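Topology and contacts: notes
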Amino acid sequence: MPWNDWIRTVEVEPSLYAADFSILGEQIEALLRTGCRVFHFDIGDGHFVEPITMGPIVLASISGLIHRFDGAIDVHLMVENPTKYFEPVAEAGGDSVTFHFEAADDIPATIRAAREQELEVGIAFNPETEPEDVAAVAEGVDLVLCMSIHPGYSAQKFRPETIERVRRLRSLLPDAIYIQVDGGVGQDNIREIYDAGARLLVAGSAIFSREDLPRAYRRLVQALA
């Protein structure tokens, strides 16, 4: 199923990296029942980013639940050699993979490799990388992820220069390619990020640090109204 079938006007994506893993399934189901459609799943390899995060085993344990609610899993690969992860992600139930511009030697070949696994595909870039450089090689992707923090750790502060970077990116990309923002997204900045041109808004601590997850999710959605 393609992104055009998942995304409504805009999607707030809970970042599962920030979840409580002792009750991960319960938290996911609570958000699904609230109306959440797309979940963000970070895989870090301990090389491209320092932390070793979740992997295909965890993904396989939750994908059935999310798909039963007609949800989707958006996998962010913070890894070196991303192509070797595509098949395990697809087999574990991932729906979309986003690899990093900084980690791919041959971007067209990396995009093709993801498509061969019947995955949707995105390209991410770090704060040091210029939007123009990514836009120049983004042909064939479904989304471009503009990192608003340095990838790897949750609960970092949003980098305010991201707003202008998203505006530049939106002016460079065709309308069919969605812009995603990940890192420090919360109620105080989510509308500004949306107004700059992003339609996929990843929120970790802004949801999972709250006691009432459904209420936290709804407040972010309402801030976009």
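Please read these numbers as outputs of a predicted model, since none were measured by experiment.

If you trace the eight strands from one edge of the open sheet to the other, you get β1-β8-β7-β6-β5-β4-β3-β2, paired in parallel fashion. The sheet is open, and its two borders are formed by β1 (11-14) and β2 (38-44), each paired with just one other strand. Neighbour-to-neighbour, the strand axes of this sheet turn through a mean angle of 25°, independent of strand direction. Alignment of β1 against strand β8 (residues 200-203), held across four bridges, turns out to be parallel. Each bridged residue has a counterpart across the sheet, and for V12 the counterpart in β8 is L201. Helix-sheet contacts for helix α5 (residues 107-116) involve β4 (96-100) and β5 (120-125), and the interaxial angle to β5 is about 145°.

Turning to the pattern of salt bridges, a few remarks are in order. The final tally for this structure, using the stated rule, is nine salt bridges. The shortest N-O distance in the salt bridge between R167 and E164 comes to 3.4 Å. Of the two residues, R167 and E164 both sit in helix α7 (residues 162-172), three residues apart, roughly one turn of that helix. Classification of E164 by relative accessible area gives partly exposed; the value is 42%. Connected via shared salt-bridge partners are R115, E120 and D142.

On to the packing of aromatic side chains, then. Note on aromatic pairs: each is described by the distance of the centres and the angle between the planes. Per the stated rule, a full pass over the model turns up one aromatic pair. Ring geometry for W3 versus W6: centroids 4.8 Å apart, planes at 75°, classification edge-to-face. Highlighted residues: W3 and W6, both in helix α1 (residues 3-6), separated by three residues, approximately one helical turn. Neither W3 nor W6 differs from the other in exposure class; each is buried.

Formed by 65 residues in total, the largest nonpolar core has its most connected members in L16, I28, F41, V75, L77, V144 and I207. In terms of nonpolar packing, the next biggest core, distinct from the first, is built from 12 residues, I7, A72, A124 and M147 among them.

Our next topic: the environment of T53. As for its position among the elements, T53 is in the loop between β2 and α3 (56-68). In this structure the C-alpha to C-alpha distance between T53 and F41, which are 12 residues apart in sequence, comes to 9.6 Å. Apart from residues lying up to four places away in sequence, T53 is in contact with Y17, D42, I43, G44 and M78.

Our focus in this paragraph is the side chain of D95. Here D95 shows up in the loop between α4 (83-92) and β4. At 10 Å, R37 is the nearest oppositely charged side chain to D95, a buried residue that forms no salt bridge. A distance of 2.8 Å separates the side chain of D95 from the side chain of H67, its partner in a polar contact. When residues no more than four places from it in sequence are discounted, the contact partners of D95 are W6, H67, G71, A72, I73, L119 and E120.

Let's shift gears to the environment of H150. Counting through the fold element by element, H150 comes out in the loop between β6 (143-147) and α7. Between the alpha carbons of H150 and G183 there is a distance of 8.0 Å; along the sequence they are 33 residues apart.

Another aspect to go through is the environment of T98. Note on placement: T98 falls in strand β4. Residues T98 and P82, spaced 16 residues apart in sequence, show a C-alpha to C-alpha distance of 8.9 Å. Not counting the four nearest positions on each side in its chain, T98 is found in contact with D74, V75, H76, L77, G122, I123, A124, L143 and L145.

Right, let's talk about unusual backbone geometry for a bit. The phi angle at N81 is positive, at roughly 50°, despite the residue not being glycine. With respect to the helices, strands and loops of the structure, N81 is situated in the loop between β3 (72-78) and α4. Here E118, not a glycine, exhibits a phi torsion of approximately 60°, which is positive. Along the chain, E118 falls in the loop between α5 and β5. Given the relative accessible area of 76%, E118 is considered exposed.

Definitions and limits used
Residues numbered from 1 in each chain as written. Predicted model: local features only at pLDDT ≥ 70, side-chain atom pairs only at ≥ 80, totals over all residues. Heavy atoms only, no water. Pairing = 2+ DSSP bridges. Helix = DSSP H or I, 4+ residues; strand = E, 2+ residues; numbered from the N terminus. Axes fitted to C-alpha atoms, helices over the stretch in contact; angles between N-to-C directions. Contact = heavy atoms within 4.5 Å. Salt bridge = Lys/Arg side-chain N within 4 Å of Asp/Glu carboxyl O. Buried < 20%, exposed > 50% of the residue type's maximum accessible area, 1.4 Å probe, protein only. Phe/Tyr/Trp six-rings, centres within 6.5 Å; stacked < 30°, edge-to-face > 60°. Core = buried A, V, L, I, M, F, W, Y, C linked by side-chain atoms within 4.5 Å. Lys, Arg positive; Asp, Glu negative; His and termini not counted. Polar contact = N/O pair within 3.5 Å; in protein donor to acceptor, adjacent residues only side chain to side chain.

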